[in-house]
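Coordinates in review
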Amino acid sequence: MAAESKSLKACLISVGNREQEPLYGLFLATFSPTMAEIAAHSGYDFAVIDMLYGYGDIPNVLPCLHALSAAHTPSLIRLPESSAVWAKKALDIGPAGLIFPGINSPKSARDAVSYCAYPPKGVRGAAHPAVRASNYGLDQNYLSKCEHDLLIICQIDSEVGLESVKDIAAVDGVDCVMLGPLGPGLSPDKLRTAEDAVLELKASRGPGKGPHLAGFPSYRNLQEGSVELKKRGYHLVCGSTDVTLFRDAALASVNSFKSSTSGS
């Protein structure tokens, strides 16, 4: 999937129209460009650089964006908080989209959307003549396409947010709602109810319209959990993290060696 020919947002719309399989990606928490490059060449549809739980800042994010871009793999940035300052910093380095955490009301969703648009529609600061997102001012079409192509994902991570999920998903400009199993009060029954609400709203709007449904499985069984989300109708699935993938591979390698029979 080449980022230059089709934006991640356009690919997600194709998933929603049942023209292609759900998008599958992973979280990059180590901020390692090498891990990012391996993920890209392995065939993931996208990668999320995780500033919410990862240790890195904007200077750590940028080399990962370089690696993903070189391998034609779209990048998302999960922000450390939903704020205009963090959104501006992230948007100016040119990801395919942003994940806003802690979106638990329609107002916070509207605020997130406003952070991604230039005035008069929003409050994004205008540094576009000199930032990476516009090829440092060389992309003459940047202003006409940046807001259209940007994927805006609102992450709901509280019981209060689940109760307002349909109103959050209905906010103009919200392309996708992300649900996760780990937040306080997010029981399986409540998550299923929220899933149904988003999918029903999506179906009522018809082809080419959001909101789309995104999520990630419980850490207890990542692979089976990811397949289950696919079966339940999720459009975008974050299947694992670079940390857990390496951890599991390392444990398997050590256990295999230590349990093998020594030669005579």
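See the structure printed just above.
Presented here is an overview of the structure given in this document.

Definitions and limits used
- Residues numbered from 1 in each chain as written.
- Predicted model: local features only at pLDDT ≥ 70, side-chain atom pairs only at ≥ 80, totals over all residues.
- Heavy atoms only, no water.
- Helix = DSSP H or I, 4+ residues; strand = E, 2+ residues; numbered from the N terminus.
- Rg over C-alpha atoms; globule rule 2.2 N^0.38 Å.
- Buried < 20%, exposed > 50% of the residue type's maximum accessible area, 1.4 Å probe, protein only.
- Contact = heavy atoms within 4.5 Å.
- Areas by Shrake-Rupley, 256 points an atom, 1.4 Å probe, with all protein chains shown as cover.
- Lys, Arg positive; Asp, Glu negative; His and termini not counted.
- Charge placed at Lys NZ, Arg CZ, Asp CG, Glu CD.
- Pairing = 2+ DSSP bridges.
- Axes fitted to C-alpha atoms, helices over the stretch in contact; angles between N-to-C directions.
- Phe/Tyr/Trp six-rings, centres within 6.5 Å; stacked < 30°, edge-to-face > 60°.
- Expected span 1.5 Å × (residues − 1).

**Observations concerning the overall build of the protein chain**
Each helix and strand counted, the protein chain has eleven helices and eight strands in total. The C-alpha radius of gyration of the protein chain comes to 19 Å, within 12% of the 18 Å expected for a compact globule of 264 residues. In terms of overall dimensions, the protein chain has a C-alpha envelope of 75 × 45 × 35 Å along the principal axes. The buried share among the 264 residues of the protein chain stands at 48%. Partitioning the contacts of the protein chain with sequence separation of at least 6, the portion at a separation of at least 24 is 61%. Accessible surface, the protein chain as shown: approximately 12900 Å² in total, 55% of it carbon and sulfur. Averaged over its 24 positive side-chain charges, the protein chain has a centre that lies 1 Å from the centre of its 27 negative ones.

**Thoughts on the sheet that holds strand β6 (residues 176-179)**
The parallel closed barrel is built from eight strands, whose spatial order is β1-β2-β3-β4-β5-β6-β7-β8. Neighbour-to-neighbour, the strand axes of the sheet open up by a mean angle of 25°, direction not taken into account. Sheet analysis places strand β1 (residues 23-28) next to strand β2 (residues 46-50), joined by four bridges and oriented parallel. Paired with Leu-26 across the bridge in β2 is Ala-47. Against the sheet, helix α3 (residues 58-70) touches β1, β2 and β3 (75-78), its axis set at about 175° to β2.

**Topic: the side chain of Ser-14**
As for its position among the elements, Ser-14 is in helix α1 (residues 8-16). If near-sequence neighbours (up to four positions away) are discounted, Ser-14 is found in contact with Lys-6, Glu-19 and Gln-20.

**Overview of the packing of aromatic side chains**
Scanning all chains against the criterion turns up four aromatic pairs. Ring geometry for Phe-27 against Phe-216: centres 5.8 Å apart, planes inclined by 85°, an arrangement best described as edge-to-face. Taken together, the positions of Phe-27 in strand β1 and Phe-216 in the loop between β7 (212-215) and α10 (222-231) put the pair 189 residues apart, joining distant regions of the chain. An identical accessibility class is assigned to Phe-27 and Phe-216; each is buried.

**Details of unusual backbone geometry**
Negative phi characterises most residues that are not glycine, and trans characterises most peptide bonds. The omega angle of the peptide bond from Pro-119 to Pro-120 is 10°, so this bond is cis rather than trans. By secondary structure assignment, the location of Pro-120 is in the loop between α5 (106-115) and α6 (142-149). With an omega of 0°, the peptide bond between Gly-210 and Pro-211 qualifies as cis. Mapped onto the elements, Pro-211 comes out in the loop between α9 (188-205) and β7. A positive phi angle is found at Arg-18, which is not glycine, with a value near 65°. Mapped onto the elements of the fold, Arg-18 is located in the loop between α1 and β1. Taking relative accessible area as the criterion, Arg-18 reaches 79% and is therefore assigned exposed. Positioned with a positive phi, Tyr-136 is a non-glycine residue whose angle comes to about 60°. The residue Tyr-136 is located in the loop between α5 and α6 in this model.

**Overview of α3**
Because each turn of an α-helix spans 3.6 residues, side chains separated by three or four positions in sequence point in the same direction. The terminal C-alpha atoms of α3 lie 19 Å apart, and with 13 residues this matches the ideal 18 Å at 1.5 Å per residue to within 8%. Among the residues of α3, Ile-58, Val-61, Cys-64, Leu-65, Ala-67 and Leu-68 are the ones counted as buried. The inward-facing, buried residues of α3 contact β1, α2 (33-42), β2, β3 and α4 (84-91). Positive phi shows up at His-72, right after α3, with a value of about 60°.

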